[in-house]
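Given next are the chains, with one letter for each unit.
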Number of protein chains: 2
Amino acid sequence: MKAISLAEKLDLFHEHWSPKIVAQLNDYHVKLVKVKGEFVWHEHIETDELFLVIKGKLRILLPNGTIVLHTGELFVVPKGVPHKPEADEECHVLLLEPKDTVNTGEVGGALTAPADSWI
Amino acid sequence: MKAISLAEKLDLFHEHWSPKIVAQLNDYHVKLVKVKGEFVWHEHIETDELFLVIKGKLRILLPNGTIVLHTGELFVVPKGVPHKPEADEECHVLLLEPKDTVNTGEVGGALTAPADSWI
């Protein structure tokens, strides 16, 4: 049992849109992801999803508008709500969601990442 | 629906050891707490508990040692494990736990805070 440094974990990978698990809380996973560019519109039918920006600026497009998150800001996308994350420059994000959540939700496609990638 | 700034929320209260809810994810609450000094030994029989240090330095005493968390570091106390948070100087912490979790667990006492304090 030891402290988990977000900065040290972020140094361990470089690919975009591929969340890495850094901690488990009951049946939830805390993940880190580096993002840049546009993700796909998707939704999670069974769960809310929390985004906390560790560094950079993230946009989350929603059906009725866009949430802009800067470092130290968070947003919870309610379950079932379509959303599309975007970032002009590389942005580091902490995600929190149930442990079997797939990054592309029900949509799938080329950007679908493994749901169980620990670092 | 809007971004939640951790810094803005932290500016809204000053008391120690009294977690404030800033977001809900399914049946979990994201809380912020300012701590200084010693808390009580306690445990949560039903749940793990996540501590993420936003600013400062936190010690979490455990039966077999002490975890030291600096800014940007997190630790998950497993359910049922006694723990005692301490901080020499004021420290700001993000907590994540199921929404009915009481800060003093099964122990109670003067430091018990309301489990449903939104800011």
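Residues numbered from 1 in each chain as written. Chains lettered and ligands numbered in written order. Predicted model: local features only at pLDDT ≥ 70, side-chain atom pairs only at ≥ 80, totals over all residues. Heavy atoms only, no water.

Colleague: Lay out the overall build of chain A in plain terms, naming residues and giving numbers.
Modeller: Along its length, chain A carries one helix and eight strands. Taken from the N to the C terminus, the helices and strands of chain A come in the order β-α-β-β-β-β-β-β-β. Taking 14 Å as the expected radius of gyration for a compact globule of 119 residues, we find that chain A reaches 13 Å, a close match to that expectation. Projected onto its principal axes, the C-alpha positions of chain A cover 40 × 30 × 25 Å. Taking the intrachain contacts of chain A between residues at least 6 apart in sequence as the baseline, contacts between residues at least 24 apart amount to 64%. As displayed, chain A offers around 5300 Å² of accessible surface, 52% of which is attributable to carbon and sulfur atoms. Mean positive and mean negative side-chain charge positions of chain A (12 and 18 charges, respectively) differ by 5 Å. (Helix = DSSP H or I, 4+ residues; strand = E, 2+ residues; numbered from the N terminus. Rg over C-alpha atoms; globule rule 2.2 N^0.38 Å. Contact = heavy atoms within 4.5 Å. Areas by Shrake-Rupley, 256 points an atom, 1.4 Å probe, with all protein chains shown as cover. Lys, Arg positive; Asp, Glu negative; His and termini not counted. Charge placed at Lys NZ, Arg CZ, Asp CG, Glu CD.)

Colleague: Summarise the interface of chain A and chain B; cite the residues concerned and give the values.
Modeller: On the chain B side, the residues contacting the 32 residues of chain A number 32 residues. A combined buried area of about 2400 Å² lies between chain A and chain B, and 70% of that area is made up of carbon and sulfur atoms. Summed over the three residues of chain A that lose the most area to chain B, namely M1, L25 and L74 of chain A, the buried surface amounts to 25% of that side. Here chain A is connected to chain B by zero salt bridges. At the boundary of chain A with chain B, the tally comes to ten residue pairs in polar contact (both at pLDDT 80 or more). Broken down by secondary-structure element, the contributors of at least two residues to the side of chain A that touches chain B are β1 (4-5), β2 (20-25), β3 (28-38), β4 (49-55), β6 (65-70), β7 (73-77) and β8 (84-98) of chain A. Of the residues in the side of chain A that touches chain B, the class split is 21 nonpolar, five polar and six charged. Taken together, the two bridges between β7 of chain A and strand β1 (residues 4-5) of chain B define a ladder with antiparallel strand orientation. Residue pairing across strands places E73 of chain A opposite S5 of chain B, the latter belonging to β1 of chain B. (Buried area = accessible area lost by both parts, 1.4 Å probe. Salt bridge = Lys/Arg side-chain N within 4 Å of Asp/Glu carboxyl O. Polar contact = N/O pair within 3.5 Å; in protein donor to acceptor, adjacent residues only side chain to side chain. Nonpolar A, V, L, I, M, F, W, Y, C, P; charged D, E, K, R; others polar. Pairing = 2+ DSSP bridges.)

Colleague: Go over the packing of aromatic side chains, please, and point to the residues and values.
Modeller: On inspection of all chains with the given rule, the structure shows three aromatic pairs over all chains. For the pair Y28 of chain A and Y28 of chain B, a centre-to-centre distance of 4.3 Å together with 45° between the ring planes defines the contact as tilted. Placement of Y28 of chain A in strand β3 and of Y28 of chain B in strand β3 (residues 28-38) is noted, with the two residues assigned to different chains. Both residues of the pair, Y28 of chain A and Y28 of chain B, belong to the buried class. (Phe/Tyr/Trp six-rings, centres within 6.5 Å; stacked < 30°, edge-to-face > 60°. Buried < 20%, exposed > 50% of the residue type's maximum accessible area, 1.4 Å probe, protein only.)

Colleague: So, the nonpolar core: which residues are in play, and what are the values?
Modeller: In this structure, L50 of chain A together with L50 of chain B are the most contacted members of the largest nonpolar core, which totals 32 residues. Contact partners of L50 of chain A, with chain neighbours within four places excluded, come to L74, F75, V76, L94, L95 and L96 of chain A together with L25 and V30 of chain B. Of all hydrophobic cores here, the second largest spans 19 residues; its members include W17, L58, F75 and V81 of chain B. (Core = buried A, V, L, I, M, F, W, Y, C linked by side-chain atoms within 4.5 Å.)

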